[in-house]
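# Survey of secondary and tertiary structure
Residues per chain, in single letters:
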Amino acid sequence: MEGKEEDVKLGANKFSERQPIGTSAQTDKDYKEAPPAPLFEPGELKSWSFYRAGIAEFIATFLFLYITVLTVMGVTKPGTSKCSTVGIQGIAWAFGGMIFALVYCTAGISGGHINPAVTFGLFLARKLSLTRAVFYIIMQCLGAICGAGVVKGFQGSHSFDVQGGGANVVNHGYTKGDGLGAEIIGTFVLVYTVFSATDAKRNARDSHVPILAPLPIGFAVFLVHLATIPITGTGINPARSLGAAIVFNKGHAWDDHWIFWVGPFIGAALAAVYHQIVIRAIPFKSRA
């Protein structure tokens, strides 16, 4: 027991009380603030890496819609028991799991956004140029449309229509305000997690803590889907909502569609402001 107590004392006093804790532990020795991305960077348009990143976003969003919308098609099957269907939990796992896998695969090429709201939030934080942000959003939307289109081709019009094509709508019993609020908060959770998981300063400061960025991002998507599928089917990704709506193309899919753009963009903006001003306090840092 005496030896154990001694170990505890050594552990408690391993670092002096003057050792900075938390964000104040960061020093310039292991991290320097990256300069903000330029608003316009014409030189990008001549770079193959720029187009390669856009293609990566297209393919990733295509695969994301293909797997997730196809999973939505299996949420219920007429004449079968609930045990033979994926259910809401299965849908949530499909969305979260695909984001985990796709961010892992594409993060080194395009940053693994796979979501116009994420791209918008990172643009507001000056992590990428407007040129790249617009290009990413276009490619994400095109990939989403193609992914949902392939699902309809596999399922056929009748089966596809039974589940509403996986399109996002505000469900019965909820108001448009409820849907908008759910999308704002859900996207805030996602984009805030993205900022935290990819924060280079945090990685430098907490290098003793292994951080696999795609894991918390995918898990955030999973949890948000569990919470908000009953409200809106969970959008938090304008490209996902647009792709499903265009391919389904029925009246009610467009009735509330604005919610799935306005909500995620507001949520992403709030997350960017919160992270940059509150968490990082960048506007308050003294400039050398």
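Residues numbered from 1 in each chain as written. Predicted model: local features only at pLDDT ≥ 70, side-chain atom pairs only at ≥ 80, totals over all residues. Heavy atoms only, no water.

An unreviewed UniProt entry annotates the chain as aquaporin PIP1-3 of Salix viminalis. Recorded under Subcellular location (unreviewed entry), the UniProt text for the chain is reproduced unchanged: "Membrane". (UniProt positions renumbered as here; feature names shortened; annotations may be inferred.)

## A word on the overall build of the chain
Broken down by element type, the chain carries 11 helices and zero strands. In the chain, the succession of α and β elements from N to C terminus is α-α-α-α-α-α-α-α-α-α-α. A fraction of 79% describes how many contacts in the chain between residues 6 or more apart in sequence connect residues 24 or more apart. Total accessible area on the chain is roughly 15,000 Å²; 65% of this is exposed by carbon and sulfur atoms. (Helix = DSSP H or I, 4+ residues; strand = E, 2+ residues; numbered from the N terminus. Contact = heavy atoms within 4.5 Å. Areas by Shrake-Rupley, 256 points an atom, 1.4 Å probe, with all protein chains shown as cover.)

## A few points about the UniProt feature "transmembrane region" (unreviewed entry) in the chain
This chain's UniProt record puts "transmembrane region" (unreviewed entry) on residues 55-76, 88-112, 133-151, 179-197, 209-231 and 258-279. Measuring from the first to the last C-alpha atom of residues 179-197 gives 27 Å, for a span that is 100% helix and 0% strand. Between the first and last C-alpha atoms of residues 258-279 the distance is 30 Å; the span itself is 95% helix and 0% strand.

## Some thoughts on the nonpolar core
Formed by 51 residues in total, the largest nonpolar core has its most connected members in Phe64, Phe160, Leu190 and Ile217. Among the secondary structure elements, those contributing two or more residues to this core are helix H2 (48-73), helix H3 (87-106), helix H4 (116-124), helix H5 (130-162), helix H6 (176-197), helix H8 (214-232), helix H9 (238-248) and helix H11 (259-279). The element contributing the most residues to this core is H5, with eight residues. Leu190 has contacts with Asn115, Val118, Ile217, Val221 and Ile236, leaving out every residue within four places of it along the chain. (Core = buried A, V, L, I, M, F, W, Y, C linked by side-chain atoms within 4.5 Å. Buried < 20%, exposed > 50% of the residue type's maximum accessible area, 1.4 Å probe, protein only.)

## Concerning the packing of H4 against H11
For any two helices packed against each other, the geometry comes down to the angle between their axes and how far apart the axes lie. Where H4 meets H11, the axes come as close as 8 Å, and the angle between the chain directions of the two elements is 35°. Along this stretch, H4 crosses H11, giving a crossing that reads as right-handed. Facing Pro116, Ala117, Phe120, Gly121 and Leu124 of H4, the residues of H11 in contact are Pro264, Phe265, Ala268, Ala269 and Ala272. When grouped by side-chain class, the residues that make up the contact of H4 with H11 number nine nonpolar, one polar and no charged. (Axes fitted to C-alpha atoms, helices over the stretch in contact; angles between N-to-C directions. Left-handed = near helix turned anticlockwise from the far one by under 90°. Nonpolar A, V, L, I, M, F, W, Y, C, P; charged D, E, K, R; others polar.)

## Quick look at the packing of H6 against H8
Here H6 crosses H8 at 175°, and the two axes come no closer than 9 Å. Relative to H8, the element H6 is oriented roughly antiparallel. Along the contact surface, H6 presents Asp178, Gly179, Ala182, Glu183, Gly186, Val189, Leu190, Thr193, Val194 and Ala197, while H8 presents Pro216, Ile217, Ala220, Val221, Val224, Thr228, Ile231 and Thr232. In terms of residue class, the contact of H6 with H8 is built from 11 nonpolar, five polar and two charged. (Parallel < 35°, antiparallel > 145°, perpendicular 65-115°, else oblique.)

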